[in-house]
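Observations on chain architecture
What follows is each chain in one-letter form.
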Amino acid sequence: MYEQFNLRSNPFLEDFHEDFPMIDREEVSRDLDFFLNGFMKQASPQMLAILGDYGIGKTFVLLQLLKKLKEGKILGDFKTLSLYMKVLTPKPPTKYFHYLYSETMNRLGLSSLRLLSKEIRGLRNKPRLARLQEIDQDLVKALSCIGTDLESPAWSFLRGAPILASQMKKINVDSKITTDERAEFIYIEFLKTLDILGYKSLILLIDEFEYILTATGAKRSAQIIVSFKDLFDKTNEMIGVGENICKPVFIIACTPGVWREGIPSLMNSVGLGGIYPFWERIYSTYTLKPFSDDETRRLVTSRLQARRIKTTNDAISPFTHDFFPFITKVTQGIPRRTLRRTAFVLDIADQRGIERINRDEAENILKEFNLIKTNKE
Ligand SMILES: Nc1ncnc2c1ncn2[C@@H]1O[C@H](COP(=O)(O)OP(=O)(O)O)[C@@H](O)[C@H]1O
Ligand SMILES: [Mg+2]
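The model shown is predicted, which means the values in this text are computed figures rather than measured ones. Residue positions are counted from 1 within each chain, in the order its sequence is given. Chains carry letters and ligands carry numbers; both start at the beginning, A for chains and 1 for ligands, and go up in the order they are written. Note on the predicted model: pLDDT of at least 70 is required for a residue's local features to be given, and 80 or more for side-chain atom pairs to be given and counted; whole-chain, interface and lining totals, by contrast, use all residues.

Attention shifts here to the packing of helix α9 (residues 218-240) against helix α10 (residues 256-269). For helices, the axis comes from a line fit to the C-alpha atoms of the stretch in contact; other axes are also lines fit to C-alpha atoms, and the angle between any two N-to-C directions lies between 0 and 180 degrees. Each helix is a run of DSSP H or I of at least 4 residues and each strand a run of E of at least 2, with the numbering of both proceeding from the N terminus. Packing of α9 against α10 leaves a shortest axis separation of 10 Å and a crossing angle of 110°. What the angle tells us is that α9 and α10 run roughly perpendicular. The hand of the α9/α10 crossing is left-handed. Listed contacts from α10 to Ala 218, Ser 221, Ala 222 and Ile 225 of α9 are Ile 263, Leu 266, Met 267 and Ser 269. Here the residues of the contact of α9 with α10 are counted per class, giving six nonpolar, two polar and no charged. If an angle is under 35 degrees, it is roughly parallel; if it is over 145, roughly antiparallel; if it lies from 65 to 115, roughly perpendicular; otherwise it is oblique. Crossings are sorted by hand: turned counterclockwise from the far helix by less than a right angle, the near helix makes the crossing left-handed, and turned clockwise it makes it right-handed. Placing C-beta atoms from the backbone, we regard two residues as in contact once those atoms come within 7 Å. Note on residue classes: Ala, Val, Leu, Ile, Met, Phe, Trp, Tyr, Cys and Pro are nonpolar, Asp, Glu, Lys and Arg are charged, and everything else, Gly too, is polar.

What follows is the structure, given as structure tokens:
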């Protein structure tokens, strides 16, 4: 199968795979770069919601952004830390702030923490050292142990994972990070530490925000929102009174319906209606546009290339140029749909021995199977 197309398999059937490159959405990158640079000029914490329907590429935009932040291609002039996380795990956590804290540590990961640890141990600046003394000493000790032979207990402690008393003794810390309150306290202390080390911002890329509505029960969903609000408010207040703290920047991906309707009505239903005006005011939103014809062509071509048997100069074969604007249109430029429809067309063309898949062939196939005017999957 598929040899006639010089393909090892159908490249559009698979979910995302390591050897399919990410398509760089240049316009989106530019816009986000602009937003983030604007955020760096503000003293206060910031939030931006990236809105888009299922399958439009929100997760990919966040992952691409993370990559560019880490490579210094975005915000390269600023010292920042960034991380990607999902708002919920498959099994929703009961203590949300604790989850937010431990996920922050987990996702920053040992590599970032080793760097911080080194910076702490290498700190010679007197005023900064004095400020470090005012930070919670459990946190400072544990951070300083990362990258030493006491890394393992220190890492458990910092992540808020279960830890034995004997292990705590080894790194000389007193109280575990198990409750929401303690996690919130340590979170703030961590942000102050980042400021001492010269970090301008901690950038949290938070995916699948719409899932908070599927968390078990409205109360729990509300708890999640309140956790974000608390972190935002607290840092905002501290900055407001001139305390030195590294400001968090939240970039949140969500479906538009949940953002505009679901969350407000959730807040009303649990008596948090008063939060909403605040919530809305502090956010900027950025709506993802569908893929352009050109982005669709790059998506399809890169996948073909990853599954070629022999290298070829005809990068788009068996498709023809008029296929791309066509498939973009019928799938509304939503890459997940584009991939599914393209997989289907390729499969039928393969079965029927159609050699070149142009617009007309594709249209006939999709019409025959009633797949052409779908707005919903
Ligand atoms: N920039 C991109 N580069 C390559 N593939 C992409 C890109 N954006 C989306 N896709 C494809 O579309 C699918 C849906 O994208 P995803 O980011 O998961 O959407 P969302 O998070 O909005 O539901 C992905 O599995 C991937 O195959
Ligand atoms: Mg996603």
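Residues spaced three or four apart along an α-helix face the same direction, because each turn holds 3.6 residues. We call a residue exposed when 12 or fewer other C-beta atoms sit within 10 Å of its C-beta, buried when the count reaches 20 or more, and partly exposed for counts in between; the C-beta positions come from the backbone. Taken residue by residue, helix α13 (residues 323-330) has Phe 323, Phe 324, Ile 327 and Thr 328 as its buried positions. One side of α13 holds all its buried residues, which, seen down the axis, span an arc of 125°. Once α13 finishes, Gln 332 follows within two positions and takes phi at roughly 55°, a positive value. Arc definition: directions from the helix axis to the C-beta atoms.

With that out of the way, let us pick up the site of ligand 1. A molecule or strand has a residue near it when that residue's C-beta atom, placed from backbone coordinates, lies within 6 Å of it. Lining the immediate surroundings of ligand 1 are 17 residues, of which Ile 23, Gly 57, Lys 58, Thr 59 and Phe 60 lie closest. Every element with two or more residues in the shell around ligand 1 is listed here: α2 (58-70) and α14 (335-352). Its residues assigned to classes, the shell around ligand 1 shows nine nonpolar, four polar and four charged.

Another point: the environment of Gln 332. Assignment of secondary structure puts Gln 332 in the loop between α13 and α14. Residue Gln 332 is classed as partly exposed on the basis of its C-beta count, with 15 C-beta atoms lying within 10 Å. Between the C-alpha atoms of Gln 332 and Ile 56, which are 276 residues apart in sequence, the distance is 9.5 Å. Excluding residues within four positions of it along the chain, Gln 332 makes contact with Pro 290 and Arg 337.

Each assigned domain of the protein is listed with its residue range as follows: domain 1 (3-20 + 291-368) and domain 2 (26-287). Domain 1 and domain 2 are separated by 39 Å when their C-alpha centres are compared. Every contact between the two is made by four residues of domain 1 and, on the other side, four residues of domain 2. Marked domain ranges trace back to an automatic or database domain assignment.

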